[in-house]
Amino acid sequence: VIETMLCSQGKQPREITIQGKGSQILEARLVPFASDSASRVLIGFFHDVTEEKRVEAIKRDFVANVSHELRTPLASIKGYAETLLDGALEDKTTLKNFLTIIDRHANRMTALIEDLLTLSMLESHQMPMSFESLDIKGLIKSVIQGFEKQAKDKGIELIMNLGREIPKIMADKDRLEQVIVNLVDNAIKYTNRGTVRVLTEKSDDMLQVNVEDTGIGIPEKDIPRIFERFYRVDKGRSRELGGTGLGLAIVKHIIQGHNGKIWVKSQPGKGTIFSFTVPAVS
Ligand code: ADP
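How each quantity is defined
Residues numbered from 1 in each chain as written. Predicted model: local features only at pLDDT ≥ 70, side-chain atom pairs only at ≥ 80, totals over all residues. Heavy atoms only, no water. Near = heavy atom within 4 Å. Polar contact = N/O pair within 3.5 Å; in protein donor to acceptor, adjacent residues only side chain to side chain. Areas by Shrake-Rupley, 256 points an atom, 1.4 Å probe, with all protein chains shown as cover. Helix = DSSP H or I, 4+ residues; strand = E, 2+ residues; numbered from the N terminus. Nonpolar A, V, L, I, M, F, W, Y, C, P; charged D, E, K, R; others polar. Pairing = 2+ DSSP bridges. Axes fitted to C-alpha atoms, helices over the stretch in contact; angles between N-to-C directions. Contact = heavy atoms within 4.5 Å. Patch = residues over 30% accessible without salt bridge, like charges linked within 9 Å, V, L, I, M, F, W, Y side chains within 5 Å. Salt bridge = Lys/Arg side-chain N within 4 Å of Asp/Glu carboxyl O. Buried < 20%, exposed > 50% of the residue type's maximum accessible area, 1.4 Å probe, protein only.

Undergrad: Just checking my understanding: could you explain the site of the ligand for this structure?
TA: Taken together, 20 residues form the shell around the ligand, and within it Asn186, Asp213, Ser238, Thr244 and Leu248 come nearest. In this structure, an oxygen atom belonging to the ligand sits 2.6 Å away from a side-chain N or O atom of Ser238. Here the ligand loses 97% of its free accessible area of 530 Å² to cover by the protein chains. Counting residues per element, the ones that place at least two in the shell around the ligand are helix 5 (173-189), helix 7 (247-257) and strand 10 (271-279). Per-element tally for the shell around the ligand: the top contributor is helix 5, with three residues. In terms of residue class, the shell around the ligand is made up of nine nonpolar, eight polar and three charged.

This is the structure:
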């Protein structure tokens, strides 16, 4: 482009996008400057737009994902409703089966929309956290109680190993409960047999909580992307289990809002440990 511009007498500036080293993207504006018969000068402005492009791509993917996730259950609801209207309505058993399926898909859409709203409120800081000094023991106990039936039905042992002296933490109770519920729910969902265990340990001025399972695990290649919105190791399996693919993105946001950290270690076929930290009250 520079060569053509130097060779021509045109006065129009040109804008080009250049793939830089690696994934770097530059936008360049080349402007013809003073020129006389002997020489021609161009001024080039180079602007690194890698980050803007990355954010644009994330937004595009997000909209595409949301549309896809909503379209699938909606298509099923429409399909089953149309079949019923075409006559299947007369048969009581079919009617009940189809309505059950419609209800399940509608529930999935509701869960998805609720998760999207939560995520959007967290990201736009419209969901202010109200921090208080909190005893996490009570919180973990009540979450575990809520999951006892689900675990028992799958033959999974649900264990709580809380240290004797757990420091109080500074946290938003409802949001932190959401974190523990999501992690324990996932641990049970992605475990076919064995145990799900919640442990706490103090590390410096933070309290660490581990949710460990003996489930299917997460392949190493998927671990770096597991907290991304809609990222799922096995889409079909997650959907079947009622997952939206947004749970871990929400969890990560909440923990970051607490100035904590969250990470995962996993061995496919052996199990997974999700750990997070939140500040202890000094
Ligand atoms: P989902 O609604 O699909 O469960 P999440 O954001 O909660 O969405 O989790 C994203 C993906 O991470 C899941 O689809 C699953 O593939 C994987 N995952 C999360 N927790 C576990 C776990 N304890 N064991 C194995 N895989 C897990």
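Read on, since the account is not over.
Undergrad: How should I be thinking about the sheet that holds strand 9 (residues 262-267) in this particular structure?
TA: Strand-to-strand pairing in sheets goes through backbone hydrogen bonds, with the strands running parallel or antiparallel. Reading across the sheet, the five strands line up as 5-7-8-10-9 and stay open at both edges, with mixed pairing between neighbours. Since the sheet does not close on itself, it has two edges, and those belong to strand 5 (156-161) and strand 9, each with one partner. Strand-to-strand, the axes of this sheet are offset by a mean angle of 15°, without reference to chain direction. Bridging between strand 5 and strand 7 (residues 194-203) involves six bridges; their strand directions are parallel. Counterpart to Leu158 in the pairing with strand 7 is Val196. Sitting on the sheet, helix 4 (residues 136-154) touches strand 5, strand 7 and strand 8 (206-213), and the angle it makes with strand 5 is about 170°.

Undergrad: Would you explain a nonpolar patch on the surface in this entry?
TA: On the surface, Phe33, Val41, Ile43 and Phe45 cluster together into a nonpolar patch covering about 360 Å² of accessible area. With three residues, strand 3 (residues 40-48) is the largest single contributor of residues to the nonpolar patch. You can see Phe45 is positioned in strand 3.

Undergrad: Where do I start with the pairing of strand 9 in this structure?
TA: Look at any regular strand and the pattern is simple: side chains alternate between the two faces of the sheet. Across the two faces of strand 9 the burial differs, with Ile262, Val264 and Ser266 buried and Trp263, Lys265 and Gln267 not buried at all. The pairing of strand 9 with strand 10 spans six bridges and is classified as antiparallel. Paired with Gln267 across the bridge in strand 10 is Gly271. Where strand 9 folds back on strand 10, the antiparallel hairpin that results is connected by three residues, among which Gly269 adopts a positive phi of roughly 85°.

Undergrad: Mind showing me how you'd approach the pattern of salt bridges here?
TA: Pairs can form between side chains of opposite charge whenever their charged atoms are close. Counted under the stated rule, the structure contains ten salt bridges. The partner of Arg29 in a salt bridge is Glu15, and the shortest N-O contact between them spans 2.5 Å. Here Arg29 is found in strand 2 (residues 25-35), whereas its partner Glu15 is found in strand 1 (residues 14-19), with 14 residues between them in sequence. Given the relative accessible area of 56%, Glu15 is considered exposed. Between Asp153 and Lys149 there is a salt bridge, with its nearest N and O atoms 2.8 Å apart. One end of the pair is Asp153 and the other is Lys149, both in helix 4 and four residues apart, which spans about a single turn. The exposure classification of Asp153 matches that of Lys149, with both residues exposed. Taken together, the salt bridges that share partners define one network made up of Glu69, Arg108 and Arg232.

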